[in-house]
Amino acid sequence: MKYLCLVYGDETLMHSLPESPADDECHAYGNSVADSGRLVAAEALESVATALTVRVRQGSHTVTEGPFAETHEQLLGFYLVEARDLNEAVTIASGIPAARVGSVEVRPVRELQLSESPESADAVTANS
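Everything in this summary refers to the structure shown in the same document. Model, not experiment: these values are computed from the prediction. (Residues numbered from 1 in each chain as written. Predicted model: local features only at pLDDT ≥ 70, side-chain atom pairs only at ≥ 80, totals over all residues. Heavy atoms only, no water.)

**Quick look at the sheet that holds strand β6 (residues 103-108)**
Here's step 1: The strand order β2-β5-β1-β6 describes an open sheet built from 4 strands, whose pairing is antiparallel. The sheet terminates laterally at β2 (39-44) and β6, the two strands that pair on one side only. With strand direction ignored, the average angle separating the axes of adjacent strands in the sheet is 20°.
Here's step 2: Bridge count between strand β1 (residues 2-9) and β6: 6 bridges; the pairing is antiparallel. Of the residues in β6, the one forming a bridge with Tyr3 is Pro108.
Here's step 3: The strands touched by helix α1 (residues 23-35) are β2 and β5 (74-82); relative to β5, the strand with the most contacts, the crossing angle is about 25°. (Pairing = 2+ DSSP bridges. Helix = DSSP H or I, 4+ residues; strand = E, 2+ residues; numbered from the N terminus. Axes fitted to C-alpha atoms, helices over the stretch in contact; angles between N-to-C directions. Contact = heavy atoms within 4.5 Å.)

Encoded structure:
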């Protein structure tokens, strides 16, 4: 089963605390999870100052600068992992270096049941 490990922290403090991980440590941990065959994807995010929030109401969309909600911690990155169960996903999340100065939210990924008509599958194949 897939689990998303969302890494949160105060981006203004993330690299200034004594317990803060260096990029090399983060890369090494990501590589170790990848080497174990459990990593699907992992990325760090740019500063929250680069975020945009999109909302659609009554057929019209609005775009506002900044994240969805103002909080003391920001979404800094993620690990998408394949784990046997929630306990294994929590173990993986516990090893994420940024957890020492922030937090990691672990959430199961809900597989979408996409019903694909034969016509739409043919159209995708023809456009490939």
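**Description of the layout of surface pockets**
Here's step 1: Each pocket or cavity is described by its volume, and for the largest pocket that value is around 600 Å³.
Here's step 2: Taken together, 25 residues make up the lining of the largest pocket; nearest its centre are Asp23, Cys26, Glu43, Ala44 and Leu76.
Here's step 3: Listed by contribution, the elements that provide at least two residues to the lining of the largest pocket are α1, β2 and β5.
Here's step 4: Residue composition of the lining of the largest pocket, grouped by class: 15 nonpolar, 6 polar and 4 charged. (1 Å grid on protein atoms, 1.4 Å probe; cavity = no way out; pocket = protein on both sides within 12 Å on 5 of 7 lines; lining within 4 Å. Points joined across faces, edges and corners; volume = space filled by probe spheres on them. Nonpolar A, V, L, I, M, F, W, Y, C, P; charged D, E, K, R; others polar.)

**Thoughts on the environment of His72**
Here's step 1: On the secondary structure map, His72 appears in the loop between β4 (60-65) and β5.
Here's step 2: Given a relative accessible area of 73%, His72 falls into the exposed group.
Here's step 3: A C-alpha to C-alpha distance of 9.5 Å links His72 and Tyr8, two positions 64 residues apart in sequence. (Buried < 20%, exposed > 50% of the residue type's maximum accessible area, 1.4 Å probe, protein only.)

**Things to note about the side chain of Glu88**
Here's step 1: Locating Glu88 in the fold gives a position in helix α2 (residues 86-94).
Here's step 2: Looking at Glu88, its side chain comes within polar contact range of the side chain of Arg38, at 3.2 Å.
Here's step 3: Setting aside residues up to four positions removed in sequence, Glu88 forms contacts with Arg38 and Ala83. (Polar contact = N/O pair within 3.5 Å; in protein donor to acceptor, adjacent residues only side chain to side chain.)

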